[in-house]
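Chain residues, written in single-letter form:
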Amino acid sequence: MYDEYEGKMKKTIEVLQSQYSTIRAGRANPSVLEQIRVDYYGAPTPINQIASVSTPDPRTLLIQPWDASSLKSIEKAILTSELGINPQNDGRFLRLVFPQPTEERRKELIKQVNKFAEESKVSIRNIRRDAVEKFKVQKKKSEITEDDLADTEKDLQKLTDDYIKEIDKVARKKESEIKEI
């Protein structure tokens, strides 16, 4: 009965974790490039589909395009993204060197973590609201009783509370990762 809504709430957590993987927290992680699209022969293409991305050391990403002519396009896409790192172009590779974050940068990252968490909580609450509205319509049509509606609202609230606790847990974990670097 609640599978549809629980599925949507699970998806919200997955989206949150995906957003967190793009937060640049000092270590070189290829997932920070996932949101960046390169204009490759007129089509917006993810970097990992036109180049190999490796991490030769903890603070460096090495991008080697399979087609050398796409090097400039990849560089331009990285520069115009919100990544905040200038790639070093040696003609064959792009190197992204991630600096050790300052205390100020850590605070910005934690604010970003909290912003994503709050957006996810709003999404979860919206899913609950939509579900409750659907069940109220069913009650109006006499498809369910007043007691069924009350039980449903209670169950949906518990489901919502559980997912909000999960969001808090994921956010705390990401915050502690940021504080450790």
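The geometry of helix H1 (residues 3–21) relative to helix H3 (residues 103–140) is characterised by a closest axis approach of 10 Å and an angle of 170° between their N-to-C directions. It follows that H1 is roughly antiparallel to H3 by the angle criterion. In this structure, H1 contributes Glu 4, Tyr 5, Lys 8, Met 9, Thr 12, Leu 16, Gln 19 and Tyr 20 to the contact, and H3 contributes Val 113, Phe 116, Ala 117, Glu 119, Ser 120, Ser 123, Ile 124, Ile 127, Arg 128, Ala 131, Lys 134 and Phe 135.

Here we come to H1. Here H1 is 19 residues long and its end C-alpha atoms lie 27 Å apart, about the 27 Å a rise of 1.5 Å per residue gives. All of the buried residues along H1 are Tyr 5, Met 9, Thr 12, Ile 13, Leu 16 and Tyr 20. Looking straight down H1, one finds that the buried residues subtend no more than 95° of arc, so they occupy a single side. As for H1, its buried residues are in contact with H3 and helix H4 (146–180).

This part takes up the sheet that holds strand S6 (residues 94–97). Pairing within the open sheet is antiparallel, and its 4 strands lie in the order S3-S4-S6-S5. Every other strand in the sheet has two partners, leaving strand S3 (51–57) and strand S5 (88–89) as the edge strands with one partner each. Examined bridge by bridge, S3 and strand S4 (residues 60–65) share 5 bridges and lie antiparallel to one another. Note that in S4 the partner of Ala 51 across the bridge is Pro 65. Together, S3, S4, S5 and S6 form the strand contacts of helix H2 (residues 71–80), whose direction differs from that of S6 by roughly 20°.

The rules behind the values
- Residues numbered from 1 in each chain as written.
- Predicted model: local features only at pLDDT ≥ 70, side-chain atom pairs only at ≥ 80, totals over all residues.
- Heavy atoms only, no water.
- Axes fitted to C-alpha atoms, helices over the stretch in contact; angles between N-to-C directions.
- Helix = DSSP H or I, 4+ residues; strand = E, 2+ residues; numbered from the N terminus.
- Parallel < 35°, antiparallel > 145°, perpendicular 65-115°, else oblique.
- Contact = heavy atoms within 4.5 Å.
- Expected span 1.5 Å × (residues − 1).
- Buried < 20%, exposed > 50% of the residue type's maximum accessible area, 1.4 Å probe, protein only.
- Arc of directions from axis to C-beta.
- Pairing = 2+ DSSP bridges.

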